[in-house]
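Fold and contact review
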Amino acid sequence: MKITKTAAAAAIFIAILMWSEPGRGAEEASSSPPSSADQQTKEANAKCLACHSEAGLNNPPRADMHLEGLANLLISAERFEKSVHGEEACKDCHGDSYVQYPHVANSRYQIKMCPECHKSAGRRKFNEFKQTLHYINHPHNFSCVSCHNPHTLQRAKQLGSAKRLIAQDNGMCRDCHDSDQRYGQFTTRPRPDLVEVHKWQPNPELHWKSVRCIDCHTPPSERGGTSHVILGKDKAERDCVVCHSATSSLRTRLYRYFAEQGQIEQAGFLNGAVLSEAYVVGATRNIWLDRATWVITGLLLAGIVVHGLLRIVASRLQKRRK
Amino acid sequence: MSRRIFILALWIRVWHWINVLLILCLIASGLSLHYARPGAGIIRFSLARDMHNIAGIGLCIDYAYFFIGNIVSGNWWQYIPRPHGYMQRCWVQFRYYMWDMFHGAPHPFPTTVADNFNPLQQLIYWGLMYVLMPLMIVTGLTYLYPTVAPDRWFGVDGLLPIAFVHFVTAFLIFLFVLVHVYLGTTGDTLTSKISTMITGWHEEEADACEPLAQESGLAAGATATDVSKS
């Protein structure tokens, strides 16, 4: 069949129209909705959270659930989505054997351990952790998740402020060290009262709102992160000036996550990142004010010296006249 | 011929010397806290903290003692400048310190029982005891109980404005101490004013009692406790 020029032009024109007309897929791409993979993850997680949540416990979606066991396995969807693993699927760590219910027997042995994903950092931190009494005294009772709740832990930048980071991180320590019940799960020794063992420090409770336990109870990390060598009371920091000085370690520890406050530093204050949240005696003074005091003091002392010399000279001249 | 009058009751002298000890302690410990650094400092941080807290509370008590004593004894009147011609009298006193004293001129405003202070002293002491010291005490107590301070103030930690006022006030008091100690040497002898602060008796040569204050119309005071020796 002979194709006329008109038919060819029309075919090309129609082809161009079909190519440029926005379809459903193109519309989705241009407005950046969650990818289908994200959507699938959310949908899959929603199935788990249908049971493993407060709502699931109060209104079980199935009649054959072991509610007493479920009560210890609740997750907050809101907190999970904000956590460091919020974009992960439950089964990514818990395995496929948990997808169906009833769950496959012994599924918990298939749960991934943290170092399977957190490879080099996990190995390094675990080697540090093995030096601590937590591991030495309780090698089988402590793992990463003993302190780091993988369902709720948030990064410093997500938390957005030192105060919130302090509350989160100190909560890890105080959950056991401030609870007779939890402490008693690990040892039969009486739990030391936190205020009592910190009484060498002025106003310990105010300190605990302003700085993390690990800021004193870990050595400085050469790599710049936070060491996992948790120090007991004998080796923990007790020198006030480690924080309360111009070279405050707060800059490289608690406040390393938070940007330097340019305006505060331009106004002459030391450690602007710290001062943006907290005034710290000895660490957040203003160098311009300090210099002004030196200059004024110097001028005054010079004036006093000159005045005194003039008095001496005047007195001797008067004596000569007499 | 010398003139000898009793001007300072025991309670004032006791208050003054306790103040000296406390303020010196507070300045030394305060500098150690402000300029704290690892290694050698003026005083170890933890010791400086305790010194500052204890001396600070001591200063509060001493100030209350002064405040009440002033009211009970009537001494508070010494700190109130007489308004008529006040600025001119201040100028006369200032000129004395800057010029007249080098020419052997007598003190323009001799010390009397009614007027222990010259006009400049009145102004400075009033400012010190009724403005700077209350500021010092209020800000210092806020440091001691920091939860009293607002969490945020002017966009920063609520303690920062408190710290600023505390530091500036402390610095002004430090400057006062330098000037006060130096001007304490401007009596008839280098130590006569310090002796007065110990014994309560003011003694000076009679020819030093010819005031330039006649320029300002201020009459020299003379009281029943005025004792003249020939």
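For the structure, check the block above.
Sequence positions are assigned chain by chain, starting from 1 and proceeding in written order. Lettering for chains starts from A, numbering for ligands starts from 1, and both go in the order in which the items are written. Where local features are concerned, this predicted model is filtered to residues with pLDDT of at least 70; where side-chain atom pairs are given and counted, the filter is 80 or more; whole-chain, interface and lining totals use all residues. For the side-chain quantities, the full set of heavy atoms in the structure was used; hydrogens and water were omitted.

Counting secondary structure elements, chain B contains six helices and five strands. Within chain B, the fraction of its 230 residues that count as buried is 44%. By definition, residues are in contact when any of their heavy atoms lie within 4.5 Å. Expressed as a percentage of contacts within chain B between residues at least 6 apart in sequence, the contacts between residues at least 24 apart total 74%. All accessible-area figures derive from a Shrake-Rupley calculation using a 1.4 Å probe, and residue coverage is judged against the displayed protein chains alone. Accessible surface computed for chain B: about 12,100 Å², of which carbon and sulfur atoms make up 72%. Numbering of helices and strands runs from the N terminus; a helix is a DSSP stretch of H or I covering at least four residues, while a strand is a stretch of E covering at least two. Partly exposed describes any residue whose relative accessible area lies between the buried limit of under 20% and the exposed limit of over 50%, with all areas from a 1.4 Å probe on protein chains only and scaled to the type maximum.

Let's shift gears to a positive patch on the surface. All names here are of chain A. Together, Arg316, Lys319, Arg320 and Lys322 make up a region of like positive charge exposed at the surface. Mapped onto the fold, Arg316 is located in helix H19 (residues 287–321). On the accessibility criterion, Arg316 (58% relative accessible area) is exposed. Patch membership requires more than 30% relative accessible area and the absence of a salt bridge. Residues of like charge join within 9 Å; the nonpolar side chains Val, Leu, Ile, Met, Phe, Trp and Tyr join within 5 Å. The working definition used for a salt bridge is a side-chain nitrogen of Lys or Arg within 4 Å of a carboxyl oxygen of Asp or Glu. When charges are tallied, Lys and Arg are placed among the positive residues and Asp and Glu among the negative ones, while His and the ends of the chain are skipped. Where a charge lies is defined by one atom per residue type: Lys uses NZ, Arg uses CZ, Asp uses CG and Glu uses CD.

Bringing the interface of chain B and chain A into the picture now. The interface is formed by 35 residues belonging to chain B together with 34 residues belonging to chain A. As a working definition, buried area equals the accessible area (1.4 Å probe) given up by two parts on being put together, with both sides summed. Together chain B and chain A conceal approximately 2,900 Å² of surface at their shared face, both sides included; 71% is due to carbon and sulfur atoms. Taken together, the connections running from chain B to chain A amount to zero salt bridges. Each polar contact in these results corresponds to two N or O atoms within 3.5 Å; when the atoms are within protein, one needs to be able to donate a hydrogen and the other to accept it, and residues that are neighboring in sequence are counted only if both atoms are side-chain atoms. Between the two partners, chain B and chain A, sit 12 residue pairs in polar contact (both at pLDDT 80 or more). Counting only elements with at least two residues in the side of chain B that touches chain A, the list comes to helix H1 (10–34), helix H2 (45–73), helix H3 (86–98) and helix H5 (159–183) of chain B. For the side of chain B that touches chain A, the element with the highest residue contribution is H5 of chain B, accounting for 12 residues. Of the residues that constitute the side of chain B that touches chain A, the class distribution is 24 nonpolar, seven polar and four charged. Nonpolar residues are Ala, Val, Leu, Ile, Met, Phe, Trp, Tyr, Cys and Pro. Charged residues are Asp, Glu, Lys and Arg, and all others, Gly as well, are polar.

What follows covers the packing of aromatic side chains. Two rings belonging to Phe, Tyr or Trp (six-membered ring only in the last case) form a pair when the distance between their centres is within 6.5 Å. Interplanar angles under 30 degrees mark stacking, angles over 60 mark edge-to-face geometry, and anything in between is tilted. Evaluation of the coordinates by the stated rule reveals 25 aromatic pairs over all chains. Where Trp153 of chain B meets Phe154 of chain B, the ring centres are 5.3 Å apart and the plane angle is 25°; that geometry is what we call stacked. A connected cluster of aromatic rings, assembled from ring pairs, spans Trp15, Tyr63, Phe66, Phe67, Tyr79, Phe117, Tyr125, Tyr130 and Phe176 of chain B. Cation over ring: Arg291 of chain A sits above Trp288 of chain A, and NZ or CZ is 5.0 Å from the ring centre. The ring of Trp201 of chain B carries Arg4 of chain B above its face, with NZ or CZ at 4.2 Å from the centroid. Cation placement over rings: the criterion is NZ of Lys or CZ of Arg within 6 Å of the ring centroid and within 35° of the ring normal.

All names here are of chain B. Among the secondary structure elements, Gly104 is positioned in the loop between H3 and helix H4 (119–144). The exposure class of Gly104 is partly exposed, given its relative accessible area of 43%. Sequence-wise, Gly104 and Ile57 are 47 residues apart; in three dimensions their C-alpha atoms are separated by 44 Å.

Let us now look at the pattern of salt bridges. Scanning the entire structure with this criterion turns up 12 salt bridges over all chains. One salt bridge in this structure joins Asp180 of chain A and Arg191 of chain A, with 2.6 Å as the shortest N-O distance. One end of the pair, Asp180 of chain A, is in helix H13 (residues 180–184); the other, Arg191 of chain A, is in the loop between H13 and helix H14 (194–197), with 11 residues separating them in the sequence. Note on Asp180 of chain A: relative accessible area 54%, which makes it exposed. Relative accessible area serves as the criterion here: at 21%, Arg191 of chain A is assigned to the partly exposed category. Note that Asp100 of chain B and Arg95 of chain B form a salt bridge whose closest N and O atoms lie 3.3 Å from each other. A relative accessible area of 11% places Asp100 of chain B in the buried class. For Arg95 of chain B, a relative accessible area of 25% corresponds to the partly exposed category.

Residues and elements named next belong to chain B. On the surface, Leu10, Val14, Ile18 and Tyr65 cluster together to form a nonpolar patch covering roughly 330 Å² of accessible area. Examining the composition of the nonpolar patch, we find that three residues originate from one element, H1, more than from any other. Along the polypeptide, Tyr65 turns up in helix H2. Overall, the relative accessible area of 34% leaves Tyr65 in the partly exposed class.

Let us now look at the nonpolar core. Within soluble globular proteins, side chains that are nonpolar generally end up buried alongside one another. If you look at the biggest cluster of nonpolar residues, it comprises 26 residues, and the most contacted ones within it are Phe66, Met129 and Ile173 of chain B. Contributions of two or more residues to this core are made by H1, H2, H4 and H5 of chain B. Here the element with the most residues in this core is H4 of chain B; it accounts for seven residues. What we call a nonpolar core is a set of buried Ala, Val, Leu, Ile, Met, Phe, Trp, Tyr and Cys residues that are connected through their side-chain atoms within 4.5 Å. The next biggest cluster of nonpolar side chains, apart from the first, holds 16 residues, and it includes Ala162, Leu165, Leu250 and Leu254 of chain A.

All quantities given are derived from atomic positions and should not be read as evidence of function.
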